[in-house]
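So you can see what is in the structure, the chains are spelled out below.
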Amino acid sequence: MAVDKTEAQPIDLYDAIEQMKRISLASGTFSLTFRKWNRQTRNGGDVVKINAARIRPKTKDDKISDASYKLFFTDTETGLARNCWQVLITEFNGRRTVLN
């Protein structure tokens, strides 16, 4: 079976986030993988895989610290509102993300 070249190539993280927004506006879902991070314990590294997510409105920085650096989404399989640090997103729809 041939592999689609676009799926095998990495995607810029911020291009991926823009695509996530477009997919969500069209009522679609996307998959993402990210690493957890706990600022209080300075511990993390656990990998989280979300199979079907949709972007939700971001919270203001005065409500959640550093909200501008986080991705706010809903896990559509569980209905849970979640967030993660944008720079810790490692995959979008099966494509590895990179920071350029």
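In case you missed it, the structure is sitting above this.
About the cut-offs
Residues numbered from 1 in each chain as written. Predicted model: local features only at pLDDT ≥ 70, side-chain atom pairs only at ≥ 80, totals over all residues. Heavy atoms only, no water. Helix = DSSP H or I, 4+ residues; strand = E, 2+ residues; numbered from the N terminus. Buried < 20%, exposed > 50% of the residue type's maximum accessible area, 1.4 Å probe, protein only. Contact = heavy atoms within 4.5 Å. Pairing = 2+ DSSP bridges. Patch = residues over 30% accessible without salt bridge, like charges linked within 9 Å, V, L, I, M, F, W, Y side chains within 5 Å. Areas by Shrake-Rupley, 256 points an atom, 1.4 Å probe, with all protein chains shown as cover. Salt bridge = Lys/Arg side-chain N within 4 Å of Asp/Glu carboxyl O.

### A closer look at the overall build of the chain
Phase 1 of the analysis: Within the chain, the regular secondary structure consists of 2 helices and 7 strands.
Phase 2 of the analysis: The N-to-C order of helical and strand elements in the chain reads α-β-α-β-β-β-β-β-β.
Phase 3 of the analysis: When its C-alpha atoms are laid out on the principal axes, the chain stretches across 45 × 30 × 25 Å.
Phase 4 of the analysis: Sorting the 100 residues of the chain into buried and exposed places 29% on the buried side.
Phase 5 of the analysis: Once local pairs closer than 6 in sequence are excluded, the contacts in the chain between residues at least 24 apart make up 49%.

### Here we look at the pairing of strand 3 (residues 43-55)
Phase 1 of the analysis: Bridging between strand 2 (residues 30-38) and strand 3 involves 7 bridges; their strand directions are antiparallel. Across the sheet, Phe30 pairs through a bridge with Ala53, a residue of strand 3.
Phase 2 of the analysis: In this structure, the hairpin formed by strand 2 and strand 3 is closed by a connection of 4 residues, where Arg42 is found at a positive phi of approximately 55 degrees.
Phase 3 of the analysis: As judged from the 3 bridges shared by strand 3 and strand 4 (residues 70-75), these two strands associate in the antiparallel manner.

### Concerning a nonpolar patch on the surface
Phase 1 of the analysis: A cluster of nonpolar side chains, contributed by Tyr14, Val87 and Leu99, occupies part of the molecular surface with about 290 Å² of accessible area.
Phase 2 of the analysis: Among the structural elements, Tyr14 can be located in helix 2 (residues 13-25).

### As for the pairing of strand 4
Phase 1 of the analysis: In terms of burial, strand 4 is largely enclosed, as 5 of its 6 residues are buried.
Phase 2 of the analysis: Counting the residues in the hairpin turn of strand 4 and strand 5 (residues 80-85) gives 4 residues, including Gly79, whose phi is positive at 80 degrees.

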